[in-house]
Amino acid sequence: MVSLGSEPSAGSVISGRNRWDRFLMGLLRACADAVLLGAGTLRATPGHHWTAEHIFPDMTTAFAELRSTLGRRPRPRLVLVTASGQVAASHPAVVGGATILTTEAGANALRGRLPDSCDVIEVGKEGRVDLAHAVSELRSRGHELILTEGGPHVSGELIDKGLLDEAFITVSPLVAGRDRETRLGMVEGVELLPGRLVSGRLLSVRRKEDFLFLRYGLRPS
Ligand SMILES: NC(=O)c1ccc[n+]([C@@H]2O[C@H](COP(=O)([O-])OP(=O)(O)OC[C@H]3O[C@@H](n4cnc5c(N)ncnc54)[C@H](OP(=O)(O)O)[C@@H]3O)[C@@H](O)[C@H]2O)c1
């Protein structure tokens, strides 16, 4: 489970704001050229910035040095996927600069609303964005290492299309439960088992306190 129904910022509730989970997210962001998100995650996370220093400020200097050593720009580019064009122009992460991946129809809905720090990539006319096409557009703009933080529908589509190389999964010891509200899992919008077998290879396991930090390879070997 990765969401708590209508609760905003569910990730930090589920992880109990675990320091090492935040460090790992910071480290991954520090290595990335771009951070790819669905518009649903942006809407569920008001006030967030998808940068290393925002999630783990204690290591701001070290993250900046790492980015410089890796030849990365000072911050990863935020990339937002939307079909509807419902992207809050006042969200601080959008104000800070974002690339919007959408269709011609989505771009029309956004026209005149975005700050100058944003740009729009149009993929197709309407409906959903073809994420395979979108990823190759991002690569052609120099975004080699793309980190996705989901959410569940974007993760589902990336896995469905074989576009996700690796998954970093934190297992939190908190017991969430489910009853009235829909609480999304890590992968939504696509059904794999029993018809399709997508299996990860466990690349590493770390334990800190009662949390497990798992890294899986998802590309067929
Ligand atoms: N715990 C975690 O690690 C974690 C991480 C991320 C998110 N979350 C949680 O997940 C929940 C949000 O779930 P979600 O599934 O709605 O998130 P999501 O996958 O980020 O957003 C779904 C939205 O993204 C857009 N989208 C996705 N694929 C698209 C495509 N191929 N073409 C065009 N647009 C596309 C659509 O936006 P439009 O509606 O604008 O068209 C769609 O409604 C929140 O509760 C959030 O807190 C948890």
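Preceding this section is the structure that the text describes.
The written sequence of each chain sets the order in which its residues are numbered from 1. In view of the model being predicted, local features appear only for residues whose pLDDT reaches at least 70, and side-chain atom pairs are presented and counted only at 80 or more, with totals across whole chains, interfaces and linings using the full set of residues. Working from all heavy atoms in the structure, the side-chain values ignore hydrogens and water.

Focus: the overall build of the protein chain
For the protein chain, the count of helices and strands is 9 helices and 8 strands. Relative to the compact-globule value of 17 Å for 221 residues, the protein chain shows a C-alpha radius of gyration of 17 Å, a close match. The principal-axis extent of the C-alpha atoms belonging to the protein chain is close to 50 × 45 × 40 Å. Under the scheme applied here, a residue whose accessible area is under 20% of the maximum for its type counts as buried, over 50% as exposed, and between as partly exposed, the area being computed with a 1.4 Å probe on protein chains only. Residues classed as buried in the protein chain amount to 38% of the 221 residues present. Only heavy atoms matter for contacts: two residues are in contact if any of them lie within 4.5 Å across the pair. Taking contacts inside the protein chain between residues at least 6 apart in sequence as the whole, the part at least 24 apart equals 61%. Here a helix means four or more residues in a row that DSSP labels H or I, a strand means two or more in a row labelled E, and each is numbered from the N terminus. The quantity called the radius of gyration is restricted to C-alpha atoms. Its globule counterpart is 2.2 Å times the number of residues to the power 0.38.

Here's the deal with the pairing of strand E2 (residues 77-81)
Along E2, 4 of the 5 residues are buried, which leaves the element largely enclosed by surrounding structure. Any two strands with at least two DSSP-identified bridges between them are counted as paired. Pairing of strand E1 (residues 34-38) with E2 involves 5 bridges; the strand directions are parallel. What sits directly across from alanine 34, in E2, is arginine 77. As judged from the 4 bridges shared by E2 and strand E3 (residues 98-102), these two strands associate in the parallel manner. Opposite leucine 78, over in E3, you have alanine 98 as the bridge partner.

Quick look at the site of the ligand
Surveying the vicinity of the ligand reveals 24 residues, the closest of which are Thr41, Thr82, Ser84, Val129 and His153. Here an oxygen atom of the ligand and a side-chain polar atom of arginine 43 are 2.8 Å apart. Under the rule applied, a polar contact is a pair of N or O atoms within 3.5 Å (in protein, one hydrogen donor and one hydrogen acceptor; residues adjacent in sequence only if both atoms are side-chain atoms). At 2.8 Å, a backbone N or O of glycine 151 approaches an oxygen atom of the ligand. Counting only elements with at least two residues in the shell around the ligand, the list comes to helix H3 (39-44) and helix H9 (152-160). Per-element tally for the shell around the ligand: the top contributor is H3, with 5 residues. All residues other than Ala, Val, Leu, Ile, Met, Phe, Trp, Tyr, Cys, Pro, Asp, Glu, Lys and Arg, Gly among them, are scored as polar; the first ten of these are nonpolar and the last four charged. Looking at the shell around the ligand, its residues break down into 10 nonpolar, 10 polar and 4 charged. Nearness of a residue to a molecule or strand requires only that one of the residue's heavy atoms be within 4 Å of it.

Observations concerning the packing of aromatic side chains
Two rings from Phe, Tyr or Trp (for Trp, the six-membered ring) form a pair when their centres are within 6.5 Å of each other. A pair whose planes differ by under 30 degrees is stacked, one over 60 is edge-to-face, and the rest are tilted. Counted under the stated rule, the structure contains 3 aromatic pairs. When the centroid spacing of 5.6 Å and the interplanar angle of 70 degrees are considered together, the rings of phenylalanine 23 and phenylalanine 56 count as edge-to-face. In this pair, phenylalanine 23 is assigned in helix H2 (residues 19-31) and phenylalanine 56 in the loop between helix H4 (52-55) and helix H5 (60-70), connecting sequence segments 33 residues apart. Residue phenylalanine 56 is classed as buried on the basis of its relative accessible area, which comes to 5%. Centre to centre, the rings of phenylalanine 23 and phenylalanine 63 are 6.4 Å apart; their planes meet at 25 degrees, and the pair counts as stacked. In this pair, phenylalanine 23 sits in helix H2 while phenylalanine 63 sits in helix H5, placing the two residues 40 residues apart along the sequence. Three or more aromatic residues link up through ring pairs in this structure, and these residues are Phe23, Phe56 and Phe63. The ring of tryptophan 20 has arginine 19 sitting right over it, with the charged end atom 5.3 Å from the ring centre. Comment: the charge-over-ring label is applied if NZ (Lys) or CZ (Arg) is within 6 Å of the ring centre and within 35 degrees of the ring normal.

Structural notes on a nonpolar patch on the surface
Put simply, a patch holds well-exposed residues, over 30% relative accessible area, that have no salt bridge, with like charges counted together within 9 Å and Val, Leu, Ile, Met, Phe, Trp or Tyr side chains within 5 Å. Per-residue accessibility takes into account occlusion by the displayed protein chains alone, with areas from the Shrake-Rupley method and a 1.4 Å probe. Within this document, salt bridges are pairs made up of a side-chain nitrogen of Lys or Arg and a carboxyl oxygen of Asp or Glu, the two lying within 4 Å of each other. Taken together, the side chains of Val171, Leu202, Val205 and Leu212 define a hydrophobic patch exposed on the protein surface, amounting to about 300 Å² of accessible area. Assignment of secondary structure puts valine 171 in strand E6 (residues 166-171).

As for H9
Burial analysis of H9 places 7 of its 9 residues in the buried class, the great majority of the element. Buried residues of H9: Pro152, Val154, Ser155, Gly156, Glu157, Leu158 and Ile159, and no others. On its buried side, H9 packs onto E1, helix H8 (131-140) and strand E5 (146-148). In the segment just after H9, glycine 162 is the residue with positive phi, at about 70 degrees.

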